[in-house]
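Examination of the molecular architecture
Spelled out, the chains give:
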Amino acid sequence: GLLIGLFAGISVPSNFGSDNALSASSSSLFVEAAAADEAASSSEEFQIPTFKAGAEVNEFQAEVSRLMDIIINSLYSNKDIFLRELISNGSDALDKIRFLSLTDASQLGDGDAAQLDIRIKIDKDQKLISIRDKGVGMTKQEIKDNLGTIAKSGTSAFLEQMQKGGDMSLIGQFGVGFYSVYLVADFVEVRTKSNSEDTQWIWQSKADGNFAISEDTDGEAIGRGTEIKIYLKEEAQEYLDEGKLKDLVEKYSEFINFPIYMWESKEESEEVPIEDDDEEKSDEEKDEEDDDEDDDEDDDDEDDDDDDEDEKDDKPKTKTVTKTVWDWVLLNDSKAIWLRSSSEIEPEEYSKFYKALSKDKSDPLTYSHFKAEGDVEFKAILFIPESAPPDMYDNYYGKASALKLYVRRVFISDEFDELLPKYLSFIKGIVDSDTLPLNVSRETLQQHTSLKTIKKKLVRKALDMIRKLAEEGNDSEDDDNENEDEEAKVVANEKYEKFWKSFGKAIKLGIIEDASNRTRLAKLLRFYTSQSPDKLVSLEQYVERMKEGQKSIYYVAGESQEALEKSPFLEKLLLKGFEVIYFTDPIDEYTMQNLTEFDEFKFSNASKEDMKFGDADEGEKKQFKKTKEHFKPFTKWWKDALLTSYPDSIENVKISNRLSTTPCVVVTSKYGWSANMERIMRAQALSDDSRAQYMKGKKTLEINYKHPLVAALKEKYEADGEDETSKNLAVVMFETALIESGFVIDDSKSMASRVFDLLKDKMGVEKDAPLLDEMEFPDEEEEVAEAEESAPKEDEESAPAVEEEEAPKDEL
């Protein structure tokens, strides 16, 4: 019950037998020492229980053992999370039995069994906490599968996070929250009963790598559901305090959809009849007489008698006594938060509800609480987490939405893809519909027409919530509070920057996938530009500061912002004062293939051909046309020279209007892959070579006719168009432009050969000059002989100098 549904199971190796089982009393969970062992029997200290005699003993799956080792030996200070996880699991089990009862009322039962709740009880003598629910319970096989093995990636993912220094409080997000019980437990018992079986089972584990399963014939019959008994470690005795557990329930589980009760004691005063009246009276009269003698010896006897008689008449017939009363006390009496008006709810309550819902320790970045009316009525609360989960884009298309669906306060499912599209799967929250039918299966519900309407409204509200987060920084315009407004604006901008860093890729995926909301999503885009290299800007801000007469939104995509800032494609654009958007995320190329315009302005890729500036007058256009005509023979010769080396790659050679200081660049056709896209596709492990060859298309070499290198090559062409050196120079310039434009040269050996030929010509080396002969060196014997001959000669020459230097020392 507390655990079912969180783990998918597979069979595990088992060791049947009772070798590891010890005899235990059938009516007690505690083990007493053997009577023969006097030393042990004399000890009155609490002892950890052992497995029941005859229990089936199994080994944990290896990964579960690793997980438990980490938890048991953890020095993690916040052990409080164990209660949150077990209550959350119990709530899931109760949700499941309530859902099953929609189609089969007998599943729920009658009377007390039909009251779905969670109950917590403390036993200070035995140092244990018990947590019980009336959920679906588990069969014997489900116990094995759910508590011994985990046939999904939750354990592995959590272990990887812990190895990276992750926070153990996130354990619930990986579906393995039950094992957090070993943060505080030495021994755990799970007693459970499912409607599918007549037998009640007990699961036991000391967290030593083994667990035991046996039929629970001695314990109290629980009817249906699960009870977990947690025998606390010595250092975890603080959890035996009722106040401590109440605080934890209030902190973590206040908004659980089922009542949580605790077996609690309280002192009550009560009036009871006085039994021994005579004795009490004599004592009181005696005391009164003593007082009278001490205080008023001179009083009349008649007055004394009157006073005593009055007091006798006023004597109480009952007395007040204090006694300890035990009862179940409700801990979470908060109404379902989504049913209340948003004006009545404080931000702190939303934050607490989010943490209980998502098992996240951080506050949400923002939230939206709304009620939809009309043909389809529902209430919803949507939250955006502060950061993206580590596996957000792993198995992107296989993940379900993170929304919980309720129908008239009855939990239906948290795995509905129909509620939100994939790109918004990071949004968490709940949806409670009054329109959808209750008594249908989940499969039938997925086809319900109302679900499409709910999805449409949820998407619109989700995008509005993100838009408001983006626009928060622009709301403060009161001149009287200019400083405060500026601070608020900075904080709001930081919040959206944090959102963009975590979920910006999801918005770009939305532009690709969701054509109906493409315009809304485009307004949420953020990027750096040539005029704003350090601060993110939006498309709306870009359009607002466009130059007069500018007809296109210019952008360029590449590997990094630093590389793009030096790109030759931007020389004339920047010189003319146009703002250029920098796209550095690999997904940007795919996004811009689907986003062709914004606010009636077309997007223009600065690395593609036929780029227009839109600011040229008629005189400039005529001049440029004449220039192209003048260079036409030269560009044709250059193209012919390139076709010999790159017959399948060259489309054209023409005069460029985008260059300022660079001699030439290589651009692609409007619908072909850019250099950056080619780089991305080369990195794909499963890329299709035939498709890649088609999409690469042919390239155009654009030349800067004002550059001295181009002018020099033109002179060589005019002097001798058949000169091989000139043709090689033309090819090398093209290959150099390819590299600078971001392309990869397939035949790098041919390029290297041409470069070496040019170097030979420049250095005066014949093109076909042969290699030099091997150098000759004297033999080792000849070297020794030469050294010996020169050695005495050197000594004789140096001797007088030594004597001259040492002479002053002799004299001294």
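Provided above is the structure to which this section pertains.
Here we summarise the structure given alongside this text. (Residues numbered from 1 in each chain as written. Predicted model: local features only at pLDDT ≥ 70, side-chain atom pairs only at ≥ 80, totals over all residues. Heavy atoms only, no water.)

Considering the overall build of the protein chain
Secondary structure summary: the protein chain contains 25 helices and 23 strands in total. Each of the 812 residues in the protein chain was classed as buried or not, and the buried ones make up 43%. Accessible surface computed for the protein chain: about 44700 Å², of which carbon and sulfur atoms make up 45%. (Helix = DSSP H or I, 4+ residues; strand = E, 2+ residues; numbered from the N terminus. Buried < 20%, exposed > 50% of the residue type's maximum accessible area, 1.4 Å probe, protein only. Areas by Shrake-Rupley, 256 points an atom, 1.4 Å probe, with all protein chains shown as cover.)

Section: the layout of surface pockets
Looking at the second largest pocket, its volume works out to about 1200 Å³. In terms of lining, the second largest pocket is formed by 39 residues, of which the most central are Phe624, Lys628, Ile655, Ser656 and Asn657. Breaking the lining of the second largest pocket down by element, the ones donating at least two residues are β17 (552-557), α18 (618-630), α19 (632-643), β21 (650-655) and β23 (699-703). No other element matches the 8 residues that α18 contributes to the lining of the second largest pocket. Each residue belonging to the lining of the second largest pocket can be placed in one class, and the counts come to 11 nonpolar, 11 polar and 17 charged. (1 Å grid on protein atoms, 1.4 Å probe; cavity = no way out; pocket = protein on both sides within 12 Å on 5 of 7 lines; lining within 4 Å. Points joined across faces, edges and corners; volume = space filled by probe spheres on them. Nonpolar A, V, L, I, M, F, W, Y, C, P; charged D, E, K, R; others polar.)

A short note on the sheet that holds β17
Overall, mixed pairing links the 5 strands, which are arranged β16-β18-β17-β20-β19 in an open sheet. The sheet is open, and its two edges are formed by β16 (528-529) and β19 (597-598), each paired on a single side. Where β17 and strand β18 (residues 580-583) come together, 4 bridges link them in parallel fashion. Its bridge partner being in β18, Val556 is matched across the sheet by Tyr582. (Pairing = 2+ DSSP bridges.)

Some points on the nonpolar core
Formed by 78 residues in total, the largest nonpolar core has its most connected members in Leu424, Phe426, Leu458 and Phe499. In this view, Phe499 contacts Leu365, Ile384, Phe426, Ile466, Leu469, Gly504 and Ile507; residues no more than four positions away in its chain are not counted. Core analysis: the second largest hydrophobic core is formed by 50 residues, Val190, Trp203, Ile230 and Leu331 among them. (Core = buried A, V, L, I, M, F, W, Y, C linked by side-chain atoms within 4.5 Å. Contact = heavy atoms within 4.5 Å.)

Re a negative patch on the surface
Where like charges cluster on the molecular surface, the negative patch consists of Asp779, Glu780, Glu781, Glu782, Glu786, Glu788 and Glu789. Residue position: Glu786 is located in helix α25 (residues 780-811). (Patch = residues over 30% accessible without salt bridge, like charges linked within 9 Å, V, L, I, M, F, W, Y side chains within 5 Å. Salt bridge = Lys/Arg side-chain N within 4 Å of Asp/Glu carboxyl O. Lys, Arg positive; Asp, Glu negative; His and termini not counted. Charge placed at Lys NZ, Arg CZ, Asp CG, Glu CD.)

A word on the environment of Gln204
By the element assignment, Gln204 lies in strand β6 (residues 201-205). Spatially, the C-alpha atoms of Gln204 and Lys229 are 9.5 Å apart, while their sequence positions differ by 25 residues. Once residues within four sequence positions are removed from consideration, Gln204 is found in contact with Thr50, Phe51, Lys52, Phe187, Val188, Glu189, Phe211 and Ala212. Separated by 3.1 Å, the side chain of Gln204 and the backbone nitrogen of Lys52 make a polar contact. (Polar contact = N/O pair within 3.5 Å; in protein donor to acceptor, adjacent residues only side chain to side chain.)

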